[in-house]
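Letter by letter, the chains look like this.
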Amino acid sequence: MFLYEKMNDENVEGIALLEKENFTDGWSLESLKEEINNPDALYMAVRDDENGKVIASAGMIISFETADIMNVSVSSEYRRRNIAKDLLTKLFEEGRKKGVKEFTLEVRAGNEPARKLYEKLGFVYEGTRPGFYSNPKEDAAIYWLKDN
Ligand SMILES: CC(C)(COP(=O)(O)OP(=O)(O)OC[C@H]1O[C@@H](n2cnc3c(N)ncnc32)[C@H](O)[C@@H]1OP(=O)(O)O)[C@@H](O)C(=O)NCCC(=O)NCCS
């Protein structure tokens, strides 16, 4: 069974490990720890209750009615089991409770799995930010999900 939980002192190290596994520019343990008590941030983790490991995470920063989704990642051996989809759905629920009406994110233009995931969740592609990413350099595709 998978456990969906807010980032806390117990799971933050597992989230930092996953960041290293999945991103060249992921958040460090120190930066993540600072977000635990940030009222405008919400980071969530998914753990496999059979081994206790953090196997997915994602975060958002809230500014008034808009939330920026960041660092959605699932450990490679757990992919294609709807974990990212369910985790994002939980983040949306939490965001809406705090009054969020619009979610936005950037994704590497060539990241087809992530783009497919966001489009499946209803995100709409609204433009490109040229050369936004480094290591390697790549354009960002910008997506929005707006509640009516
Ligand atoms: C992108 C990522 C988060 C998806 O996680 P996941 O848990 O495997 O995704 P889900 O199982 O929830 O997928 C939901 C839907 O997204 C789409 N999708 C996900 N991965 C896909 C892939 N490799 N190819 C095509 N579509 C894909 C599908 O529509 C899928 O539904 P389906 O399985 O019923 O066809 C994962 O591949 C990952 O961690 N990648 C590395 C980190 C990364 O690139 N993060 C995004 C940064 S913006």
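What counts as what
Residues numbered from 1 in each chain as written. Predicted model: local features only at pLDDT ≥ 70, side-chain atom pairs only at ≥ 80, totals over all residues. Heavy atoms only, no water. Helix = DSSP H or I, 4+ residues; strand = E, 2+ residues; numbered from the N terminus. Rg over C-alpha atoms; globule rule 2.2 N^0.38 Å. Buried < 20%, exposed > 50% of the residue type's maximum accessible area, 1.4 Å probe, protein only. Contact = heavy atoms within 4.5 Å. Areas by Shrake-Rupley, 256 points an atom, 1.4 Å probe, with all protein chains shown as cover. Lys, Arg positive; Asp, Glu negative; His and termini not counted. Charge placed at Lys NZ, Arg CZ, Asp CG, Glu CD. 1 Å grid on protein atoms, 1.4 Å probe; cavity = no way out; pocket = protein on both sides within 12 Å on 5 of 7 lines; lining within 4 Å. Points joined across faces, edges and corners; volume = space filled by probe spheres on them. Nonpolar A, V, L, I, M, F, W, Y, C, P; charged D, E, K, R; others polar. Near = heavy atom within 4 Å. Polar contact = N/O pair within 3.5 Å; in protein donor to acceptor, adjacent residues only side chain to side chain. Sits in = over half its atoms within 2 Å of the grid points.

Another aspect to go through is the overall build of the protein chain. Within the protein chain, the secondary structure is distributed over four helices and seven strands. Listing every helix and strand of the protein chain by position from the N terminus yields β-α-α-β-β-β-α-β-α-β-β. Rg of the C-alpha trace for the protein chain: 15 Å, near the compact-globule value of 15 Å for 148 residues, within the 12% margin. Looking at the protein chain as a whole, 42% of its 148 residues qualify as buried. Of the contacts formed within the protein chain by residues at least 6 apart in sequence, a portion of 59% connects residues at least 24 apart. When the accessible surface of the protein chain is split by element, carbon and sulfur atoms take 47% of a total near 8,500 Å². The average position of the 21 basic charges and that of the 28 acidic charges among the side chains of the protein chain differ by 4 Å.

Bringing the side chain of Glu94 into the picture now. As for its placement among the helices and strands, Glu94 is situated in helix H3 (residues 83-97). Under the relative-accessibility criterion, Glu94 is labelled buried at 15%. Discounting chain neighbours no more than four positions away, the residues touching Glu94 are Lys6, Leu42, Met44 and Met60.

By volume, the largest pocket is sized at about 1,200 Å³. Every residue lining the largest pocket is counted, 34 residues in all, and those nearest its centre are Val72, Asn111, Ala114, Leu117 and Tyr118. Broken down by secondary-structure element, the contributors of at least two residues to the lining of the largest pocket are strand E4 (66-74), H3, strand E5 (102-108), helix H4 (112-120) and strand E6 (124-133). The element that contributes the greatest number of residues to the lining of the largest pocket is E4, accounting for seven residues. Taken as a whole, the second largest pocket spans an internal volume of roughly 200 Å³. Lining of the second largest pocket is provided by 15 residues; of these, Gly14, Leu17, Lys53, Val54 and Ile55 occupy positions nearest its centre. Those elements giving two or more residues to the lining of the second largest pocket turn out to be helix H1 (12-22) and strand E3 (54-63). Looking at the lining of the second largest pocket, the element that brings in the most residues is H1, giving four residues. For the lining of the second largest pocket, the class distribution of residues is five nonpolar, four polar and six charged.

With that out of the way, let us pick up the site of the ligand. Around the ligand, 20 residues are found, and the nearest of them are Val72, Val74, Arg80, Asn82 and Asn111. Contact distances for the ligand include 3.0 Å between an oxygen atom and a side-chain N or O atom of Lys120. Calculation on the ligand without its partners gives an accessible area of 920 Å², and the protein chains cover 78% of this total. Spatially, the ligand is embedded in the largest pocket. For the shell around the ligand, the secondary structure elements donating two or more residues are E4, H3, E5 and H4.

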